[in-house]
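Overview (structure and organization)
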Amino acid sequence: MRTTRTARTARTTRSSAVVALAALGALTLAGCGGGGADGDGGADATPGSESSATVELPRLDGQKIEVAAVWTGPEQENFRKVLDEFEKRTGATVTFVPAQDPIVNFLGTKIAGGSPPDVAMLPQVGAVKQAVDQKWAKPLGPAAKAELARNYAKGWQDLGSVDGTPYGVYFKAANKSLVWYNNAVFENAGASVPKTWKDFLKTAETIYASGVTPVSVGGADGWTLTDWFENVYLSQAGPEKYDQLARHEIKWTDPSVARALTTLGQLFGKPELIAGGASGALQTEFPKSVTQTFTGGDQPKGAMVFEGDFVTVNIAQTDAKIGTDAKVFPFPAVGDRAPVVTGGDAAVALKDTEGAQALLTFLASPDAARIWAGSGGFISPNKSLDVAAYPNDVQRDIAKALIAAGDDFRFDMSDQMPQSFGGTPGKGEWKALQDFLKNPKDVTGTQARLEADAAKAYGN
């Protein structure tokens, strides 16, 4: 299977995205403004409530709807608030179905058993296309299409479309080009916020010299390592190469991949700079990589952690306050420009029912986005959402950067690929990069394994 949904979007220039992210950088250098985790503003007292409705929904009294997603913990709880509001407005009963990752395999089992959920939240562009190719997904109905066209930039509409037909609504997005840091550690070490990869490595050495391990890596989750690679590769090789590699139009044995792995090895090859070393990182799941950065005051297990805006959910599980104790800077530029990588979860109907289409219509509206935005740990690509809905200045500026980018962004590369290569635990790219973290000197061997697995997945 070839995954090519972002071909049109990917030919854009990124200039406005870079400008928007630069504004985020200016904010962080100024101290991230105010805005603690409790927020300092919002849309309505009851955001997304009937009184503030912007979208009309049908009455669905007595109807039952199932929604499947891999979200757990705070993410599941916050999505449940969105579903509760939908129930309130329509009279339907919505059940959240916990799914295993990879969700396409989970859905295949449910569909084979004759019990598919009405709607699924798919975290990869490749998964959307696979659902369409398997004839599982149903096209958006007129109301959902109208709401999507009203509230989303063309790039996001294209990501949810297959062969020009819209199937998915990207309800939740992510800015995956951010580094979060423990401000107390930086102040004690006299470390400065880096703008380039070279400066990033210098900052890491400065923090190490102060007695704190500089970087926390959630290597037990292979997707975090793909994000590391993608940011380095996009900034160093440029958007055209990025698009070609995402579509497997160039091989993983290409010299550009070797350069990116070698650059990443400048960090991974120094175990003293990584919390727990390579073996410790490979046993550290993503949530822990965040919480251990903001636990222990000025003596955490790691001073910095790279990942998207959704990190705020995990920071909220510590005593650190966003904007004061926990600050953020854009992923450093490896090449001429800092990278701008995004991700997202698309809602797709698996049953052609009134309830499924009504839920997609709701999820495409600013009403639904406003509910989760107020809870934190969420960024919406919905351009009609008032940024006042976000709980603090840091998240508002991240959201502004995403919207200001318009169509000028690059979607997570691994999420564009066949899921067997780019989105399966213990296999493909996830496994190859975990092995690379363990042995970062083996650039050539890593490339060979990546290419072999990619060729098998793409069928070429």
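Now for a description of the structure that goes with this document. (Residues numbered from 1 in each chain as written. Predicted model: local features only at pLDDT ≥ 70, side-chain atom pairs only at ≥ 80, totals over all residues. Heavy atoms only, no water.)

1. Quick word on the overall build of the protein chain
The following threshold applies: By definition, any uninterrupted DSSP run of H or I lasting at least four residues is a helix, any uninterrupted run of E lasting at least two residues is a strand, and each is numbered from the N terminus. Accessibility here uses a 1.4 Å probe with only protein chains present; expressed as a share of the type maximum, an area under 20% marks a residue as buried, one over 50% as exposed, and anything in between as partly exposed. By definition in these notes, contact holds between two residues if any of their heavy atoms fall within 4.5 Å. To measure how exposed things are, a 1.4 Å probe is used in the Shrake-Rupley method; for residues, cover is taken only from the protein chains shown.
Assigned secondary structure in the protein chain consists of 21 helices and twelve strands. The burial tally for the protein chain puts 60% of its 460 residues in the buried class. Summarising the internal contacts of the protein chain: among those between residues at least 6 apart in sequence, 79% fall at separations of at least 24. Working note: accessible area of the protein chain is about 16,500 Å², and carbon and sulfur atoms make up 49% of it.

2. Concerning the side chain of Asn-78
Considering the arrangement of structural elements, one finds Asn-78 in helix α2 (residues 73-90). When neighbours within four sequence positions are excluded, Asn-78 is seen to be in contact with Trp-372, Ser-375 and Gly-376.

3. Focus: the sheet that holds strand β7 (residues 178-182)
How we decide: Two strands make a pair as long as DSSP finds a minimum of two bridges between them.
Pairing is mixed across the open sheet formed by four strands, whose spatial order is β8-β9-β7-β10. Looking along the sheet, the strands with just one partner apiece sit at the ends: β8 (215-216) and β10 (326-330). Pairing of β8 with strand β9 (residues 304-306) involves two bridges; the strand directions are parallel. Pairing of Ser-216 across the sheet is with Val-305, part of β9.

4. Overview of the layout of surface pockets
Empty space left among the atoms is revealed by rolling a probe the size of a water molecule over them. The line we're drawing: Cavities and pockets are defined on a 1 Å grid built over the protein atoms alone: a cavity is a set of grid points where a 1.4 Å probe fits but cannot escape, while a pocket is an open set with protein on both sides within 12 Å along at least five of seven lines, and lining residues are those with an atom within 4 Å of any such point. Grid points are joined across faces, edges and corners, and a volume is the space filled by probe spheres set on the points. Three classes are used, and their members are as follows: Ala, Val, Leu, Ile, Met, Phe, Trp, Tyr, Cys and Pro are nonpolar, Asp, Glu, Lys and Arg are charged, and the others, Gly among them, are polar.
Size it by volume and the largest pocket reaches roughly 1,000 Å³. Contributing to the lining of the largest pocket are 38 residues, with Val-70, Glu-75, Asp-101, Trp-223 and Phe-286 lying nearest its centre. Its residues assigned to classes, the lining of the largest pocket shows 15 nonpolar, 13 polar and ten charged.

5. Looking at the packing of helix α11 (residues 255-268) against helix α21 (residues 443-458)
The cut-off we apply is this: Whenever a helix is involved, its axis is fitted only over the stretch in contact; in every case the axis is a line through C-alpha atoms, and angles between N-to-C directions fall within 0 to 180 degrees. Each angle receives one of four descriptions, namely roughly parallel if under 35 degrees, roughly antiparallel if over 145, roughly perpendicular if within 65 to 115, and oblique otherwise. Crossings are assigned a handedness: left-handed for a near helix turned anticlockwise from the far helix by less than a right angle, right-handed for a clockwise turn.
Two elements in contact, α11 and α21, have axes whose closest approach is 10 Å; the angle formed by their N-to-C orientations is 125°. Between α11 and α21, the interaxial angle falls into the category oblique. Seen from above, α11 lies across α21 with right-handed handedness. Residues Val-257, Ala-258, Leu-261 and Thr-262 of α11 form the contact with α21, whose own contacting residues are Val-443, Thr-446 and Gln-447.

6. Thoughts on the packing of helix α20 (residues 428-438) against α21
Close contact between α20 and α21 brings their axes to 9 Å; oriented N to C, the two are set at 170°. In terms of their interaxial angle, α20 and α21 are classed as roughly antiparallel. Where α20 approaches α21, its residues Gly-428, Glu-429, Ala-432, Asp-435 and Phe-436 are matched on the opposing element by Val-443, Thr-446, Arg-449, Leu-450 and Asp-453. Residue composition of the contact of α20 with α21, by class: four nonpolar, two polar and four charged.

7. Points about the nonpolar core
Nonpolar side chains in soluble globular proteins generally cluster together in the buried interior. Spelled out, the test is: Each nonpolar core is a collection of buried residues, namely Ala, Val, Leu, Ile, Met, Phe, Trp, Tyr and Cys, held together in the definition by side-chain atoms within 4.5 Å.
Of all hydrophobic cores here, the largest spans 87 residues; its most connected members are Phe-79, Phe-86, Trp-156 and Trp-180. Not counting the four nearest positions on each side in its chain, Phe-86 is found in contact with Leu-57, Leu-60, Ile-65, Gly-91, Ala-92, Val-94, Gly-355, Ala-358, Leu-359 and Phe-362. The next biggest cluster of nonpolar side chains, apart from the first, holds 54 residues, and it includes Leu-201, Met-304, Val-341 and Met-413.

8. Some details on the packing of aromatic side chains
Our working rule: Centre distance within 6.5 Å is the pairing criterion for rings of Phe, Tyr and Trp, where only the six-membered ring of Trp is used; planes under 30 degrees apart are then read as stacked, over 60 as edge-to-face, and the remainder as tilted.
Going through the model one piece at a time under the given rule, you end up with 28 aromatic pairs. Aromatic ring contacts, followed pair by pair, group Trp-197, Phe-200, Trp-228, Phe-268, Phe-306, Phe-331 and Phe-436 into a single cluster.

9. Here we look at the pattern of salt bridges
For clarity, the threshold we go by: Each salt bridge in this description consists of a side-chain nitrogen of Lys or Arg and a carboxyl oxygen of Asp or Glu lying within 4 Å of one another.
In the structure shown here, the tally under the stated rule is 19 salt bridges. In this structure, Asp-254 and Lys-241 form a salt bridge, with 3.5 Å as the shortest nitrogen-oxygen distance. Within this pair, whereas Asp-254 is found in the loop between α10 (239-246) and α11, its partner Lys-241 is found in helix α10, the two being separated by 13 residues in sequence. Residues joined by salt bridges that share partners form a network here, namely Glu-85, Arg-89, Asp-367 and Arg-370.

Taken by themselves, the reported measurements are silent on function.
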